[in-house]
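Commentary on secondary and tertiary structure
Here is what each chain is made of, one letter per residue.
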Amino acid sequence: SIVCGVYNAEPYLEKCIKSMLNQTYKNIEIILIVNCSVDASENIVRKFERKYPKIIKAFYTKKKLGAGGSRQFGLEHASGDYVCFVDCDDILRKDYIINMVNATCKAPENPTDIVICFYQKVSENGKLLYVRKYKNKNSALIQSVAPWGKMFRKQYLDNNSMTLRNIPFGEDVIFSAEIYLTKPNVELCEYIGYIWRNNLKSTSHTELGGFPKGTIEKSKEYFEYMKNKYIEQNEIIEFFMYKYYIWYLYK
């Protein structure tokens, strides 16, 4: 299942959806969650939904879910054994899914919980800014905080009650912190398959700049929850707390 929350992504949305549809691995479903968009994003999604009804499952929410809430909504409607998250202004290379699937361990007694791949960052007009590669799977797990560029085993997420929370900002760091604490079985896909666009008009660069109202309170609540649940790993939780607050103060 490929899950993509859609919010005011009109300039880039068609390319994003086409990159999901054009995957060489065909046993996929694409879940699009149109989240209170005020531009033409909903019209674009409805056009693709009509054309590819067997592949695309679209939902249109009146409540503003945010990035984390949209991903969680999509996760709850996903039927695949594995789930990928894609941001609506980004692009997948056509062999992204097949490479991620091939990187999984096929042994039933030791299934892969997460596959992490390399990625490249491009400017708004597609100019290459840099390529991010990881030394090994352990460094990838702690350095890569975004849900995108990864493939998650759905049963692993369900068994550990993993939730992508609707926090005003920084839900990805909190999600990644709890992922790390569960000690998943990780594989590294040494392949640049995800293209992350530096969209300066995105929500994170505009209305969510800095710390929006309620962010501090919610983040403290979630980190306290993790400290109580993973008592023996509080040092790791503190690392992610510092990472969270320093990064978003910098933002």
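Please read these numbers as outputs of a predicted model, since none were measured by experiment.

Turning our eyes to something else, we now look at the overall build of the protein. Within the protein, the secondary structure is distributed over nine helices and nine strands. For the protein, whose C-alpha radius of gyration is 17 Å, the value lies close to the compact-globule estimate of 18 Å for 251 residues. Looking at the protein as a whole, 51% of its 251 residues are labelled buried. Considering only contacts in the protein between residues 6 or more positions apart, those separated by 24 or more positions represent 81%. Carbon and sulfur atoms make up 51% of the accessible area of the protein, which totals about 12500 Å².

This part is about the side chain of serine 19. With respect to the helices, strands and loops of the structure, serine 19 is situated in helix H1 (residues 10-21). A polar atom in the side chain of serine 19 sits 3.1 Å from the backbone nitrogen of leucine 92.

In this section: the pairing of strand E7 (residues 128-132). When strand E6 (residues 114-122) meets E7, the two strands line up antiparallel, connected through four bridges. Residue pairing across strands places valine 122 opposite leucine 128, the latter belonging to E7. Taking the residues between adjacent antiparallel strands as the criterion, E6 and E7 are bridged by five residues, where glycine 126 takes a positive phi near 95°.

The subject of this paragraph is the pairing of strand E3 (residues 56-61). Pairing geometry for strand E2 (residues 30-35) and E3, over six bridges, is parallel. The residue of E3 that forms the bridge with valine 34 is tyrosine 60. The handedness of the E2 to E3 crossover, carried by helix H2 (residues 41-51), is right-handed.

Moving on to the state of the cysteines. Within this structure, the stated rule accounts for zero disulfides. In this structure cysteine 88 is not part of a disulfide, and its nearest cysteine sulfur, from cysteine 4, lies 5.3 Å away. Taking the relative accessible area as the measure of exposure, cysteine 88 reaches 10% and is therefore buried. Residue cysteine 189 stays outside any disulfide, its sulfur separated by 5.9 Å from that of cysteine 117, the closest cysteine.

At their nearest, the axes of H1 and H2 sit 9 Å apart, and the two run at 25° to each other. Taken together, the axes of H1 and H2 lie roughly parallel to each other. Remark: the crossing between H1 and H2 carries right-handed chirality. Residue-level contacts link Glu10, Leu13, Glu14, Ile17, Lys18 and Leu21 of H1 to Ser41, Ile44, Val45, Lys47 and Phe48 of H2. Each residue belonging to the contact of H1 with H2 can be placed in one class, and the counts come to six nonpolar, one polar and four charged.

What follows deals with the side chain of serine 123. If you trace the backbone, serine 123 turns up in the loop between E6 and E7. Serine 123 has contacts with Leu129, Arg197 and Asn198, leaving out every residue within four places of it along the chain.

On to the layout of surface pockets, then. Within this model, the second largest pocket holds a volume of roughly 300 Å³. Taken together, 16 residues form the lining of the second largest pocket, with Ser1, Tyr25, Asn27, Asp81 and Tyr82 sitting closest to its centre. The greatest single-element share of the lining of the second largest pocket, amounting to three residues, is contributed by strand E4 (residues 82-85).

Basis of the calculations
Residues numbered from 1 in each chain as written. Predicted model: local features only at pLDDT ≥ 70, side-chain atom pairs only at ≥ 80, totals over all residues. Heavy atoms only, no water. Helix = DSSP H or I, 4+ residues; strand = E, 2+ residues; numbered from the N terminus. Rg over C-alpha atoms; globule rule 2.2 N^0.38 Å. Buried < 20%, exposed > 50% of the residue type's maximum accessible area, 1.4 Å probe, protein only. Contact = heavy atoms within 4.5 Å. Areas by Shrake-Rupley, 256 points an atom, 1.4 Å probe, with all protein chains shown as cover. Polar contact = N/O pair within 3.5 Å; in protein donor to acceptor, adjacent residues only side chain to side chain. Pairing = 2+ DSSP bridges. Right-handed = clockwise from strand over helix to strand, strands pointing away. Disulfide = S-S within 2.5 Å. Axes fitted to C-alpha atoms, helices over the stretch in contact; angles between N-to-C directions. Parallel < 35°, antiparallel > 145°, perpendicular 65-115°, else oblique. Left-handed = near helix turned anticlockwise from the far one by under 90°. Nonpolar A, V, L, I, M, F, W, Y, C, P; charged D, E, K, R; others polar. 1 Å grid on protein atoms, 1.4 Å probe; cavity = no way out; pocket = protein on both sides within 12 Å on 5 of 7 lines; lining within 4 Å. Points joined across faces, edges and corners; volume = space filled by probe spheres on them.

Worth remembering: the numbers are spatial, not functional.
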